Amino acid sequence: MLAVVFVSCALIGCQTSTTDGLVESSSPPEISGSAASAIAGDMVTKLAEQVGPANHTIILKPDSSPFGQALEAALKSWGYAVATDQKTDGKAEVPLAYVIDIHEGQVLVRMSTSSVELARAYQTTMSGASPTSPLSVMRRG
């Protein structure tokens, strides 16, 4: 089971990269709002542990998917400034990209910055989602 998660996360890495090395963000629309909120809340908690306090501006590409909206809300609830139009207020910037994929009934999530990549699998329910794998953390440079 765990091997499937890691192989799937590696395959998610085959997505198209942007010029700054991060993948283009993508999320399937079939993830419910409650599952998207639960996943985004958990992943932002883990991201905050890696990138530090909310004195950064998180740069996100605009996304109207349930996960994109939930991620932006979760980042703001943690105190991060979020710029979806690529304009910033001069604070330190952290570009953030994510990929959500559904494989064998599980939702595989990968969030990437220029310095860290987080990945985790979740099982969704009608009322939310819960992790089914440990958090994978990869530091860059």
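The preceding data block contains the structure.
Numbering of residues starts from 1 in each chain and follows the order in which that chain's sequence is written. Predicted model: local features are reported for residues with pLDDT of at least 70 only, side-chain atom pairs are reported and counted for 80 or more only, and whole-chain, interface and lining totals are derived from all residues. The basis for the side-chain values is all heavy atoms of the structure; hydrogens and waters are excluded.

A. How the structure looks around the pairing of strand β6 (residues 116-125). Relative accessibility under 20% of the residue-type maximum defines a buried residue, over 50% an exposed one, and the middle range a partly exposed one, all with a 1.4 Å probe and only protein chains included. A run of H or I in DSSP counts as a helix once it spans at least four residues, and a run of E counts as a strand once it spans at least two, with each numbered from the N terminus. Within β6, seven of the ten residues are buried, which leaves it mostly tucked inside the rest of the structure. The rule for pairing is simple: two strands pair if DSSP sees at least two bridges between them. Taken together, the six bridges between strand β5 (residues 106-112) and β6 define a ladder with antiparallel strand orientation. Counted as the bridge partner of V107 is Y122 from β6. In this sheet, strand β8 (residues 136-139) lies alongside β6 in antiparallel orientation, the contact comprising four bridges. When the sheet's bridge partners are listed, A119 is paired in β8 with S136. The pairing of β6 with strand β7 (residues 128-131) spans four bridges and is classified as antiparallel.

B. Quick peek at unusual backbone geometry. Here E104, not a glycine, exhibits a phi torsion of approximately 50°, which is positive. Inspection of the secondary structure assignment puts E104 in the loop between β4 (97-103) and β5. The class for E104 is exposed, based on a relative accessible area of 65%.

C. Representation of the packing of aromatic side chains. For Phe, Tyr and Trp, where Trp contributes only its six-membered ring, two rings pair if their centres lie within 6.5 Å, and the inter-plane angle classes them as stacked under 30 degrees, edge-to-face over 60, or tilted in between. Scanning the entire structure with this criterion turns up one aromatic pair. Geometrically, the ring pair formed by F67 and Y98 is edge-to-face, given 5.0 Å between the ring centres and 65° between the ring planes. Of this pair, F67 sits in helix α3 (residues 66-77) while Y98 is found in strand β4, placing the two residues 31 residues apart along the sequence. In terms of burial, F67 and Y98 fall into one category: buried.

D. Spotlight on α3. Multiplying one less than the number of residues by 1.5 Å gives the expected span of a helix. Look at α3: 16 Å from first C-alpha to last across twelve residues, which is about the 16 Å you get at 1.5 Å a residue. Along α3, the positions that sit buried rather than exposed are F67, G68, A70, L71, E72, A74 and L75. What makes two residues a contact is simply this: any of their non-hydrogen atoms within 4.5 Å. Next to the buried residues of α3 lie α2 (33-51), β1 (56-59), β2 (81-83), β4 and β5. After α3 finishes, the residue G79 shows a positive phi value of roughly 95°.

Without other data, these values stay purely geometric and don't point to any function.
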